[in-house]
Amino acid sequence: ILKQMEKAVLLYEGSKDMKRAWPEAERSFPYRRQYGAGIYSGWLSMLLTYRGDYDAADSMARAGGPPWWLPYMRMRINAKKGHFMTAEAFGDSSSGHGGLTATTFINYLMATAQMENGRFEPAIRTLNQLRNSLTNGFNQRPLYYAKSHYLEGLIREKKGERNLAIDAFEKFLVLWKD
């Protein structure tokens with residue numbers, strides 16, 4: 001059941017196609033009472049943010065999970081709403097509590113918020129922290145590792161560093177080819 005929900009999150013993260021991801025999540029719904037808070041609710045709350053159901057995602061995050069989860073979900077919700085300064089502040093408050101597992105989730109979103117806030121050098125440092133982390137982050141690290149190169153390309157492009165942007169985009173394409 002947890003793998004079903006994880007599959008739904010990965011489908012959305014990889015393709016941004018909720019029409020494919022949500023039916024995967026729905027297959028787990030008859031069993032969700034068995035899992036309550038924790039990893040299952042975490043995956044579901046992430047999917048709810050992708051669908052724009054922020055109140056439900058926040059409510060689910062408040063219901064339980066590790067100490068870093070609620071600030072992370074509020075970071076995610078604010079980023080989805082385009083409130084990147086607030087998202088970055090929530091990222092700061094969640095980053096010290098999740099250990100290596102949370103690094104994958106927090107750092108990618110933090111780098112995105114930093115980029116949107118015009119803080120390019122901190123964003124690149126945050127991406128490097130993500131890449132240098134040895135944790136698999138609930139099997140999300142390969143996805144975010146590849147996407148981190150794309151995000152770096154966007155950052156380098158905004159900074160006017162054309163050649164470095166091309167290098168980052170090429171690294172992304174090598175990793176994302178399948």
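Above this text sits the structure in question.
The notes below deal with the structure included here. (Residues numbered from 1 in each chain as written. Predicted model: local features only at pLDDT ≥ 70, side-chain atom pairs only at ≥ 80, totals over all residues. Heavy atoms only, no water.)

Brief notes about the packing of helix α3 (residues 39-51) against helix α5 (residues 69-80)
Rules: The axes used here are C-alpha line fits, helices contributing only the stretch in contact, and every angle between their N-to-C directions lies in the interval 0 to 180 degrees. Secondary structure elements are taken from DSSP: a helix is a run of H or I of four residues or more, a strand is a run of E of two residues or more, and numbering for both begins at the N terminus. Comment on the angle field: the value is read as roughly parallel under 35 degrees, roughly antiparallel over 145, roughly perpendicular from 65 to 115, and oblique elsewhere. It is the rotation of the near helix from the far one that decides the hand of a crossing: anticlockwise by less than a right angle makes it left-handed, clockwise makes it right-handed. Throughout, a contact is declared for two residues whenever any of their heavy atoms are within 4.5 Å. Basically, the charged four are Asp, Glu, Lys and Arg, the nonpolar ten are Ala, Val, Leu, Ile, Met, Phe, Trp, Tyr, Cys and Pro, and anything else, Gly included, counts as polar.
Where α3 contacts α5, the axes come no closer than 10 Å and their chain directions differ by 15°. As judged from the angle between their axes, α3 and α5 are roughly parallel. The two elements α3 and α5 meet at a crossing, and its hand is right-handed. Here Gly42, Ser45, Met46, Thr49 and Tyr50 of α3 lie close against α5, whose contacting residues are Trp69, Tyr72, Met73, Arg76, Ile77 and Lys80. Broken down by class, the residue content of the contact of α3 with α5 amounts to 6 nonpolar, 3 polar and 2 charged.

Side note on the pattern of salt bridges
Short version of the rule: Salt bridges are identified by distance alone: a Lys or Arg side-chain nitrogen within 4 Å of an Asp or Glu carboxyl oxygen. Only protein chains enter the accessibility calculation, which uses a 1.4 Å probe. A residue is then buried if its area is under 20% of the maximum for its type, exposed if over 50%, and partly exposed in between.
On inspection of all chains with the given rule, the structure shows 10 salt bridges. The partner of Arg131 in a salt bridge is Glu152, and the shortest N-O contact between them spans 2.8 Å. Note that Arg131 is positioned in helix α8 (residues 120-132) and Glu152 in helix α9 (residues 141-159), a separation of 21 residues in sequence. A salt bridge links Glu161 to Arg156; its shortest N-O distance comes to 2.8 Å. Accessibility expressed as a relative area gives 23% for Glu161, which makes it partly exposed. With relative accessibility at 13%, the residue Arg156 sits in the buried group.

Regarding helix α4 (residues 54-63)
Selection criterion: Our arc is simply the arc of the directions from the helix axis toward the C-beta atoms.
Among the residues making up α4, those that are buried are Ala57, Asp58 and Ala61. The arc that holds every buried residue of α4, seen down its axis, measures 95°, which confines them to one face. Facing away from the buried side of α4 by more than 90 degrees, the exposed set consists of Asp55, Arg62 and Ala63. Where α4 terminates, the next one or two residues include Gly65, which has phi positive at roughly 120°.

Digging into the nonpolar core
Quick note on the threshold: Think of a nonpolar core as a cluster: buried Ala, Val, Leu, Ile, Met, Phe, Trp, Tyr and Cys residues, connected wherever their side-chain atoms sit within 4.5 Å.
Met46, Leu47, Tyr50 and Tyr72 are the most contacted members of the largest nonpolar core, which totals 42 residues. Per-element tally for this core: the top contributor is helix α7 (residues 99-116), with 8 residues.

Re the side chain of His149
Relative to the helices and strands, His149 is located in helix α9. Of the residues examined, His149 reaches a relative accessible area of 6% and is grouped as buried.

Details of the packing of aromatic side chains
Note the following rule: Whether two aromatic rings pair depends on their centres lying within 6.5 Å, for rings of Phe, Tyr and Trp, where Trp uses its six-membered ring; planes under 30 degrees apart make the pair stacked, over 60 edge-to-face, and the rest tilted.
Inspection of every chain in the model, using the stated rule, returns 7 aromatic pairs. Centroid distance Trp69 to Tyr72: 5.2 Å. Interplanar angle 45°. Geometry classified as tilted. Linking Trp69 with Tyr72, this pair stays in helix α5, spanning 3 residues, or about one helical turn. Each member of the pair, Trp69 together with Tyr72, is buried. Taking 5.2 Å as the distance between ring centres and 25° as the angle between the ring planes, the aromatic pair formed by Phe172 and Trp176 counts as stacked.

Coordinates in, geometry out; function isn't part of it.
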